[in-house]
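Spelled out, the chains give:
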Amino acid sequence: SPTVGVLALQGDVREHAAALEAAGARAVPVRRPAELAAVDGLVLPGGESTTIGKLLGVFGLEDPLREAVAAGLPVYGSCAGMILLADRVEGAADGQRTVGGMDMTVRRNAFGRQVDSFEADLEVAGVSDQDGGAPVRTVFIRAPWVEEAGPRVEVLARIPLRAVDGSPVGTGAGKIVAARQGRLLATAFHPEITGDPRVHALFVRMVAAG
Ligand code: GLN
């Protein structure tokens, strides 16, 4: 089984490691360049993208990670991790650093205060059609969305009109919240906290495909 790292500087590292193991991978924490060099794929967890971006610099991982992405390392970014994978960020903090690699503009904290956090059932290409075909329960926590995506970005999911509790998601309906470009995968939501390993299984398949 492939060895998949979880960037372990900040954020919900443990939950991603558990989801990766449930999806059949061996999960290891990554904090140092040598650890990054030893993995077949990497998850960038949710958390705070400004903090994770700063810590990448502090831990000497910023350039190695950019080089690994350029060399084709499969990387999956969830929420803050999606922001880190975007080539362009709207609502970035002063001096906010990202890794980039996906030709898209991501808007931070996009859903606005009243719907900071909500859940929705989504069709996600390559995910909700697996293992019985149930929609994916998605959890959005001060989440970004994709404002604009280039032609090489494959859209995997968009936001429906209503959350599972029936409340409207406001201006978010129709926005892209899961996307793939080559070996890079990004979701605005947090599949690591729902007990459904199918998003991680998609990523493990991408890693195994090499
Ligand atoms: N709002 C956070 C950010 O901008 C992301 C939130 C999350 O990862 N749950 O980095």
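Residues numbered from 1 in each chain as written. Predicted model: local features only at pLDDT ≥ 70, side-chain atom pairs only at ≥ 80, totals over all residues.

As recorded in an unreviewed UniProt entry, the chain goes by the name Pyridoxal 5'-phosphate synthase subunit PdxT, listed as coming from Xylanimonas oleitrophica. One UniProt comment on the chain, placed under Function (unreviewed entry), says "Catalyzes the hydrolysis of glutamine to glutamate and ammonia as part of the biosynthesis of pyridoxal 5'-phosphate. The resulting ammonia molecule is channeled to the active site of PdxS." (UniProt positions renumbered as here; feature names shortened; annotations may be inferred.)

This part takes up the UniProt feature "binding site: L-glutamine" (unreviewed entry) in the chain. Summarizing the sequence annotation, UniProt attributes the feature "binding site: L-glutamine" (unreviewed entry) to G47, E48, S49, R108, I141 and R142 in the numbering used throughout. Spanning 96 residues, the annotated positions come together in the fold, the maximum distance between their C-alpha atoms being 12.9 Å. In this structure E48 comes out as partly exposed when scored by C-beta crowding, with 16 C-beta atoms within 10 Å. Among the structural elements, R142 can be located in the loop between β8 (136-141) and β9 (145-149). Once residues lying within four places of it in the same chain are set aside, the contact partners of R142 are N109, D116 and S117. (Buried ≥ 20, exposed ≤ 12 C-beta atoms within 10 Å, placed from the backbone. Helix = DSSP H or I, 4+ residues; strand = E, 2+ residues; numbered from the N terminus. Contact = placed C-beta atoms within 7 Å.)

On to the confidence of the model for the chain. Of the residues in the chain, 99% have a pLDDT of 70 or more, and the chain-wide mean is 94. Two summary scores accompany this predicted model of the complex, namely pTM at 0.96 and ipTM at 0.94. (pLDDT = per-residue confidence, 0-100.)

Right, let's talk about the pairing of strand β11 (residues 176-181) for a bit. Most of β11 sits inside the fold, with five of its six residues counted as buried. Direction of pairing for strand β10 (residues 154-158) relative to β11: antiparallel, over a ladder of four bridges. Directly across from R158, in β11, lies its bridge partner I176. In this sheet, strand β12 (residues 184-187) lies alongside β11 in antiparallel orientation, the contact comprising four bridges. Its bridge partner being in β12, Q181 is matched across the sheet by L184. (Pairing = 2+ DSSP bridges.)

Let us now look at unusual backbone geometry. Not every positive phi belongs to a glycine, and D131 is a case in point at roughly 50°. Here D131 is to be found in the loop between β7 (117-122) and β8. Its identity as a non-glycine residue notwithstanding, R142 has a phi of 45°, on the positive side.

Annotation from UniProt places "active site" (unreviewed entry) at C79, H190 and E192. With the annotated positions falling across 114 residues, the maximum pairwise C-alpha distance of 11.0 Å places them together in a single cluster. Among the secondary structure elements, H190 is positioned in the loop between β12 and α6 (198-209). In this structure H190 touches G46, S78, C79, V139 and I141, once residues within four positions along its chain are discounted. Within the secondary structure layout, E192 lies in the loop between β12 and α6. You can call E192 buried: it has 29 C-beta atoms within 10 Å. With residues up to four places along the chain from it excluded, the contact list for E192 reads D12, E15, H16, A19 and S78.

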